[in-house]
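What follows is each chain in one-letter form.
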Amino acid sequence: MADEVEALEVPAKCLTQMADIVENILSFAPGRSLESAASVCMLWREIIQRIRKTRRDCVTLTVGKLNSHKPCFDFSYSLTNVATEPQAALLFTHISSASAPIPPYMKDFSKYLRINQASLPRRCVLVGCGTLGIYHLGKNSPIFFSGNNLLSKEDANNQHAMVLFPRALGVQVCSFHVPLRNKYKSISGIDSFLPVMEEPVKLVLVLAHPLSLGKLTNFAVNVKKKYGGKTVIAGCYSDCVLFHQSTASFREIVGLVFAGDLVSASIVINSSRENEILENLHKNLVRLKSTQIQNTMALMFRPPTHQHVDGNMQCRAFQHHFPGVPVVVVDGSAVYGCDTVELERSASQAGGRDFLHTQSTILCMFSLSTTRS
């Protein structure tokens, strides 16, 4: 009888030992490999779920502009080796001028979008836009870096940045694409283009090609109506080009919808003079601290009137208040969002016309550190 019990315990013991070995091996695997490995068997799926719990940080990647005449944003090498398993990617590429001749480069945009998408996990969505400037300060970077090269203020505007949002238990991220050309000139049917989420929606990141104020007002109203009045909406205008998966387009709206166990907030930074902008930034960051967000990532969208301020200086000011929190500064032709911290304090709601800004910066901070273990 004892021999039979011991014989039954041997497979269980071997399985436990194998699980430890598999977990040690998979802990070194890049993020894009985890999804495939999770489909091997139930044991591997449970192991990968444990690994995913340790990889909840948003990751920011940057590459230099290798060709000054054509767009080049190949993140394939970095994406292949990054530890985070992203469920969504946000791409910003620098365009030297809003009046640059974009149409001749549409094939180049599509080419590099396909390259990047092939390096992402199968179910990872990719959206983005062309910008007038990008600044980035990572988790452990003292100042702006691209690869191993220290960049000056002038060089910082010649970069491409990608933000990777990790798979986290209880957090759902979906993309949306609202075509406003041809038969979709009216935005009244926007509900059909916004994804249906299983969890409560907390944040909507919006990237739009310049549209009329009426269309953007209707967009904000419809988003609030569909997802709730407390949904944080933030983003920017792109005079250049929008990206959705492997498609580059114009006069449309793209973005990401975040739902589930996450917390987000946005603030508005006013003024036009450099010293006033930085002073107001510090004051508003103190206000933002009162929200007690377990900070994961921050995005700062700046209009042209604020782009004379050194973006690296604003990044350092941000990390003075929130050490180690990655921040990406994106320059657009206008910005989109409202001050949710002030609205919550005053127990009021923003109207549709309160979202578009040409004289203010929008800072959006969010946490994907879920409450579920």
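You'll find the structure just up there.
Residues numbered from 1 in each chain as written. Predicted model: local features only at pLDDT ≥ 70, side-chain atom pairs only at ≥ 80, totals over all residues. Heavy atoms only, no water.

Caption draft 1: Structural detail: the overall build of the protein. Along the protein, the regular secondary structure elements total 10 helices and 19 strands. Put simply, the protein has 373 residues, and 54% of those count as buried. Across the protein, the fraction of contacts at a sequence separation of at least 24, relative to all contacts at a separation of at least 6, is 83%. Accessible surface, the protein as shown: approximately 16900 Å² in total, 52% of it carbon and sulfur. (Helix = DSSP H or I, 4+ residues; strand = E, 2+ residues; numbered from the N terminus. Buried < 20%, exposed > 50% of the residue type's maximum accessible area, 1.4 Å probe, protein only. Contact = heavy atoms within 4.5 Å. Areas by Shrake-Rupley, 256 points an atom, 1.4 Å probe, with all protein chains shown as cover.)

Caption draft 2: Geometry of the sheet that holds strand β14 (residues 263-269). Ordered in space as β4-β16-β15-β19-β14, the 5 strands form an open sheet in which the pairing is mixed. In this open sheet, the two strands that pair with only one neighbour each are β4 (133-137) and β14. Between one strand and the next, the sheet's axes are offset by a mean angle of 15°, whatever the strand orientation. Both β14 and strand β19 (residues 361-367) contribute to a ladder of 7 bridges, which runs antiparallel. Within the sheet, the bridge partner assigned to valine 268 lies in β19 and is isoleucine 362. Together, β4, β15 (297-302), β16 (327-331) and β19 form the strand contacts of helix α9 (residues 311-321), whose direction differs from that of β4 by roughly 30°. (Pairing = 2+ DSSP bridges. Axes fitted to C-alpha atoms, helices over the stretch in contact; angles between N-to-C directions.)

Caption draft 3: Representation of the packing of aromatic side chains. In the structure shown here, the tally under the stated rule is 7 aromatic pairs. Between phenylalanine 219 and tyrosine 336 the ring centres are 6.3 Å apart and the planes differ by 50°, which places this aromatic pair in the tilted class. Taken together, the residues phenylalanine 219 in helix α7 (residues 213-227) and tyrosine 336 in strand β17 (residues 335-337) connect sequence positions 117 residues apart. You'll find phenylalanine 219 and tyrosine 336 in the same group, each marked buried. (Phe/Tyr/Trp six-rings, centres within 6.5 Å; stacked < 30°, edge-to-face > 60°.)

Caption draft 4: Representation of the layout of surface pockets within the structure. Considered as a void within the structure, the largest pocket measures approximately 620 Å³ in volume. Lining the largest pocket are 22 residues, with Arg52, Gln87, Arg123, Arg167 and Ala168 sitting closest to its centre. At the level of elements, α2 (31-38), α3 (42-53) and β8 (171-179) are the ones that each hand at least two residues to the lining of the largest pocket. Of the residues belonging to the lining of the largest pocket, the class tally is 8 nonpolar, 5 polar and 9 charged. (1 Å grid on protein atoms, 1.4 Å probe; cavity = no way out; pocket = protein on both sides within 12 Å on 5 of 7 lines; lining within 4 Å. Points joined across faces, edges and corners; volume = space filled by probe spheres on them. Nonpolar A, V, L, I, M, F, W, Y, C, P; charged D, E, K, R; others polar.)

Caption draft 5: Spatial organisation of the pairing of β15. Of all 6 residues in β15, 6 are buried; the element is thus mostly enclosed. Residues Met297, Leu299 and Phe301 line one face of β15 and the alternating positions Ala298, Met300 and Arg302 line the opposite face, and both faces are buried. Looking at chain direction, β15 and β19 are connected through 5 bridges and run antiparallel. Along β19, the bridge assignment pairs methionine 297 with phenylalanine 366. The pairing of β15 with β16 spans 5 bridges and is classified as parallel.

Caption draft 6: Molecular detail of α3. Compared with an ideal rise of 1.5 Å per residue, which puts 12 residues at 16 Å, α3 spans 17 Å between its outermost C-alpha atoms and is within 8% of the ideal. Looking at α3, one finds that the buried residues are Leu43, Ile47, Ile48 and Ile51. In a view along the axis of α3, the buried residues occupy a sector of 125°, so they form one face of it. (Expected span 1.5 Å × (residues − 1). Arc of directions from axis to C-beta.)

Caption draft 7: View of the nonpolar core. Of all hydrophobic cores here, the largest spans 36 residues; its most connected members are Leu90, Phe92, Phe165, Leu205, Leu256, Phe258 and Leu299. For phenylalanine 258, the residues in contact, after removing those within four places along its chain, are Phe165, Gln172, Val173, Pro200, Val201, Lys202, Leu203, Leu205 and Leu368. By size, the runner-up hydrophobic cluster in this structure holds 26 residues, among which are Val201, Leu216, Ile253 and Ala334. (Core = buried A, V, L, I, M, F, W, Y, C linked by side-chain atoms within 4.5 Å.)

Caption draft 8: Representation of the side chain of serine 249. Within the secondary structure, serine 249 sits in strand β12 (residues 247-249). Polar contacts involving the side chain of serine 249 include one to the side chain of glutamate 252, which spans 2.7 Å. (Polar contact = N/O pair within 3.5 Å; in protein donor to acceptor, adjacent residues only side chain to side chain.)

Caption draft 9: Quick look at the environment of aspartate 310. Take aspartate 310: it is sitting in the loop between β15 and α9. It is 9.9 Å that separates the C-alpha atoms of aspartate 310 and leucine 278, two residues lying 32 residues apart in sequence.

Geometric values such as these leave the question of function open.
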